[in-house]
Amino acid sequence: MKKFYLYLSVIFSLGILSCHEQPSSGRDMEEIPTEEILVNRVLTAKEQAALTPADVIDILKKGNQEFMNDELTVRNNTERVRDAALGQYPKAVILSCLDSRVPVEDVFHRGIGDIFVARVAGNIVNPDMLGSMEYACKVSGAKAVVILGHEYCGAIKSAIDDVELGNITTLLAKIKPAVESAKVDFEGETLSSNGKFVDAVCEHNVELIVEEVRKNSPILKEMEDNGEIVIVGAIYHMHTGKVDFL
């Protein structure tokens, strides 16, 4: 057993080293010209307060366009880590699926200190997620709540297939309302093998979660009504990298 854990430790260490040795550009940091490194500061409380919810959505859309165009930059992350150590003033909170194919920070081209990211299979919401969103917005000043679904979601497919397995059963039950809602007006086979139906369920799921956030978090609902934040749904398309805001 000790040898097994030692093996895992070595593999984990190698993984960390490989991440540090291979920046997004595929070159060593020493080889990257200074002018190509994006040097920017973490957001201050004053700068965060000056942003409107619409500003934040525009920033996310612009960042997503840069991601689609493969314009991701090498950031001064070491400096940003130090700057953010004593405080954070992110622009938005993103509730995303657990799926490893959805790199949220990269999708919106955001760096350390820019956004809160919550992840759970099927991007479902529960009291803990709501509390996290309330902290992000009411306490830390984030201006947007984005519920981010995505194509080819395994949790969506499993909910369509009525999968039952341990705690997964309870999680999928939260997606079932979207499955039933999508069936109402859908023309065609309502099976997980039908990509169009999976997409329909994904969109219904995002829309229902947005409404659930408003219904079950009076704090966030009041903030949205007062124009302090915006609560929106969005879908990430894996083939193109594009995020469509609903």
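Burial analysis of strand β3 (residues 92-96) places five of its five residues in the buried class, the great majority of the element. By the alternation rule, side chains of β3 split into A92, I94 and S96 and V93 and L95, which are all buried. Where β3 meets strand β4 (residues 115-119), five bridges bridge the pair, whose relative direction is parallel. Bridge pairing in β4 places I94 opposite V117. Of the pairings in the sheet, the one linking β3 to strand β5 (residues 144-150) comprises five bridges and is parallel in character.

Turning to the confidence of the model for the protein, a few remarks are in order. Put simply, the protein has an average pLDDT of 84, and 77% of its residues get 70 or more. Taken together, the stretch residues 1-30 has pLDDT below 50 and engages in 13 contacts with residues farther than four places along the chain or on a different chain.

A few words now on unusual backbone geometry. If you check the backbone angles, D70 has positive phi at about 55° while not being a glycine. In this fold, D70 is placed in the loop between α3 (53-68) and β2 (74-75). A positive phi angle, close to 55°, is found at Y152, a residue other than glycine. If you trace the backbone, Y152 turns up in the loop between β5 and α7 (154-160).

This part takes up α3. In an α-helix there are 3.6 residues to a turn, and that puts residues three or four apart on one side. With 16 residues, α3 should reach 22 Å at 1.5 Å per residue; the first-to-last C-alpha distance of 23 Å fits that figure. Considered for burial, the residues of α3 that qualify are P53, V56, I57, L60, G63, N64, E66 and F67. Looking at the buried residues of α3, the elements they touch are β3, α5 (104-107), β4, β5, β6 (230-236) and β7 (243-245).

With that settled, the discussion passes to the environment of I219. Residue position: I219 is located in helix α11 (residues 218-225). In this structure I219 comes out as partly exposed when scored by relative accessible area, which is 33%. Sequence separation of I219 and M133 is 86 residues, and the distance between their C-alpha atoms is 9.8 Å.

What follows is about the side chain of E66. One can find E66 in helix α3. For E66, the contacting residues outside a window of four places in its chain are E71, L72 and H109.

Take the side chain of N194 next. Here N194 shows up in the loop between α9 (176-185) and α10 (195-216). Looking at N194, the relative accessible area reads 19%, which means it is buried.

Cut-offs used in this document
Each chain has its residues counted from 1, running along the sequence as written. The predicted nature of this model means local features are confined to residues of pLDDT at least 70 and side-chain atom pairs, given and counted, to a pLDDT of 80 or more, with totals for whole chains, interfaces and linings taken over all residues. With hydrogens and water set aside, each side-chain value is computed from the structure's full complement of heavy atoms. Working definition: with a 1.4 Å probe on protein chains only, accessible area under 20% of the residue-type maximum means buried, over 50% means exposed, and in between means partly exposed. What counts as a helix is a DSSP run of H or I of at least four residues, what counts as a strand is a run of E of at least two, and both are numbered from the N terminus. Two strands pair under a simple rule: DSSP has to find at least two bridges between them. Residue-level confidence of the predictor is what pLDDT reports, using numbers from 0 through 100. Any pair of residues with heavy atoms lying within 4.5 Å of one another is described as a contacting pair. In a helix, the anticipated span is given by 1.5 Å times the number of residues less one.

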